[in-house]
Amino acid sequence: MRQHVDLLKGNITTALGKLSIPIMATSFIQMAYNMIDMIWLGKVGSGAVAAVGAAGMYMWLSNGLATLAKMGGQVKVGQSLGAQNYDDARMYSKGALQLGIVFALACGVLTLFAADQMIGFFRLNQASVIQDAIIYLQITCGLVVFNFMNQILTGILTAMGNSRSSFVATSIGLLINLVLDPLFIFGFGMIPAMGVAGAAIATVLAQFVVFVIFLAVIRKETAMFHDLRLWKAASKKHVLTMVSIGLPSALQSMLFSGISMIIARMIAVWGDGAVAVQKVGSQIESISWMAAEGFAAAVNSFVAQNYGAKQYERVRKGYRTSMLIVSLWGLFCSVVLIVFPEWIFRIFLSETEVMQMGIDYLRILGVSELFMCIEITTAGAFSGMGKTIPPSIVSIVLTAARIPTAYLLAETALGLNGVWWSISLSSVLKGIVLVGWFLWFIHRHLPLQKKAGEAVALP
């Protein structure tokens, strides 16, 4: 029988650790897909990295649609199962998968016919880089249906309490991508060297294998997936309910990706190498925020259960403990990025003309790692109490402020580094403002615990 982590009593650090490690491991595996592409393509040149970086922006943008179906499906399937309403759970599963298929087909058709215009938005300089970006976009977004299905099935299985299958399937996909990437990029034997197109094909094939594994898993989950009949539409009521839940997360995800696309277009003025630096640098930096997001998911559950049980002092202690842990992680990441930027960046790109830009990027972003980590964790704590508006306001307003700040700082002697500073400074401000808001909130709205015995346990 699967063991649950008891969040209502016992050692807080142990509980948070047991809960967060599997989530963080899955996040790191998903991040590794793009990381592997960057490492191998970096050996081809910064132009190849720039091409994938530009096309990858649209993959990020399209993931907002997958988030809508995944979030709405996961929440409603979980609630329905909790209420032992299995017919509703099956209907929500069907609706989420149908939404994912429709969104994926729409993205595929759009990218097949409008890839030139989409890549043209970034104003890349070299014709070869532009062509590579178009090819990568058409392959990955044209066949994005496997990626969407994998995300949605992960959400549904997680709602059912089965997170192990997602971890195993994603791990196998990573290993396949690890093997196929160099074979398809550089060629081997009868396999021709395909460069950027090879990286795209390797990624899609790995996603397809993960999808096949998921199909094998859900065949055993007969109570949920038996006789779904995807060709028959889910009820309008169920679909609209999922859309209402998933839409805010989808819009926020797409807004952030849109802001990043505008900044990518800005930095193209400094050449395709600058676009490559942003892509590689963001992948390196993602190691810190991926860990923070995994930990924040654990904090979210911890706070939610204890807040519901009216164990307010345990909520406070849990938040303090989590802030100490994530602060140590953020400081560690800051030190690594500031002290060893050249050594880290050289793993991906070694061209002299982009090396200094990469070093500057990592050092400037390294200043904000601590604040980014505490902001992400505090957002998880806020959400655990059902208060999602404060982190959304802080994140949307200050992230959007990067665009005018980048324009202003880029016009100074800072140049390209001014763009990097706009990103770093906004992260610093988000961390300070959101933590301050949370501390004020719990001081104002969480009553002090009168007696330990008065804490009400969840059934």
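Residues numbered from 1 in each chain as written. Predicted model: local features only at pLDDT ≥ 70, side-chain atom pairs only at ≥ 80, totals over all residues. Heavy atoms only, no water.

## Quick look at the packing of helix α9 (residues 236-267) against helix α17 (residues 416-445)
How two helices sit against one another is set out by the angle between their axes and by the gap between those axes.
Turning to step 1, where the next piece is worked out: The contact between α9 and α17 brings their axes to 10 Å, and the two run at 165°. The angle between α9 and α17 places the two elements in the roughly antiparallel class. Every pair of crossing elements has a handedness; the one defined by α9 and α17 is left-handed. Each of I263, M266 and I267 in α9 lies in contact with α17, whose residues at this interface are L416, V419, W420 and I423. (Axes fitted to C-alpha atoms, helices over the stretch in contact; angles between N-to-C directions. Helix = DSSP H or I, 4+ residues; strand = E, 2+ residues; numbered from the N terminus. Parallel < 35°, antiparallel > 145°, perpendicular 65-115°, else oblique. Left-handed = near helix turned anticlockwise from the far one by under 90°. Contact = heavy atoms within 4.5 Å.)

## Looking at a nonpolar patch on the surface
Turning to step 1, where the next piece is worked out: Among the surface-exposed residues, V335, I338, V339, F340, W343, I347 and V367 lie close enough to one another that they form a single nonpolar patch of about 670 Å² accessible area.
Turning to step 2, where the next piece is worked out: Broken down by element, the residue count for the nonpolar patch peaks at three residues, all from helix α11 (residues 312-339).
Turning to step 3, where the next piece is worked out: Turning to its location among the elements, V335 is positioned in helix α11.
Turning to step 4, where the next piece is worked out: Residue class for V335 comes out partly exposed when judged on its relative accessible area of 47%. (Patch = residues over 30% accessible without salt bridge, like charges linked within 9 Å, V, L, I, M, F, W, Y side chains within 5 Å. Areas by Shrake-Rupley, 256 points an atom, 1.4 Å probe, with all protein chains shown as cover. Salt bridge = Lys/Arg side-chain N within 4 Å of Asp/Glu carboxyl O. Buried < 20%, exposed > 50% of the residue type's maximum accessible area, 1.4 Å probe, protein only.)

## Things to note about the packing of helix α3 (residues 86-120) against α9
Turning to step 1, where the next piece is worked out: The N-to-C vectors of α3 and α9 enclose an angle of 70°; their axes lie 9 Å apart at closest approach. Relative to α9, the element α3 is oriented roughly perpendicular. The crossing of α3 and α9 is right-handed. Seen from α3, the contacting residues are D88, M91, Y92, G95, A96 and L99; seen from α9, they are H238, V239, T241, M242 and V243.
Turning to step 2, where the next piece is worked out: For the contact of α3 with α9, the residue count by class is seven nonpolar, three polar and one charged. (Nonpolar A, V, L, I, M, F, W, Y, C, P; charged D, E, K, R; others polar.)

## Some remarks on the state of the cysteines
Turning to step 1, where the next piece is worked out: Here the structure, examined in full by the defined rule, presents zero disulfides.
Turning to step 2, where the next piece is worked out: You can see C107 has no disulfide; the closest cysteine sulfur is in C141, sitting 6.5 Å from it.
Turning to step 3, where the next piece is worked out: Overall, C141 belongs to the buried group, its relative accessible area being 2%. (Disulfide = S-S within 2.5 Å.)

## Describing the confidence of the model for the chain
Turning to step 1, where the next piece is worked out: Residues at a pLDDT of 70 or more form 89% of the chain, whose mean pLDDT is 82.
Turning to step 2, where the next piece is worked out: Here helix α8 (residues 222-225) is the element of the chain with the lowest mean pLDDT, 71, and α17 is the one with the highest, 93.
Turning to step 3, where the next piece is worked out: Confidence drops under a pLDDT of 50 for residues 451-459, and excluding neighbours within four residues, the segment shows 10 contacts in the predicted structure. (pLDDT = per-residue confidence, 0-100.)

## What to know about α3
Turning to step 1, where the next piece is worked out: The first and last C-alpha atoms of α3 sit 48 Å apart over 35 residues, in line with the 51 Å expected at 1.5 Å per residue.
Turning to step 2, where the next piece is worked out: For α3, the principal kink sits at A114 and spans about 80°. (Expected span 1.5 Å × (residues − 1). Bend = angle between axes of the 7 residues up to and from the residue.)

## Comments concerning the nonpolar core
Turning to step 1, where the next piece is worked out: Grouped together as the largest cluster of nonpolar side chains are 98 residues, with contacts concentrated most on L41 and W420.
Turning to step 2, where the next piece is worked out: In this view, W420 contacts I267, A274, V277, Q278, M357, D360, Y361, I364 and L365; residues no more than four positions away in its chain are not counted.
Turning to step 3, where the next piece is worked out: Residues Y312, V315, M372 and A379 belong to the second largest nonpolar core, which totals 32 residues. (Core = buried A, V, L, I, M, F, W, Y, C linked by side-chain atoms within 4.5 Å.)

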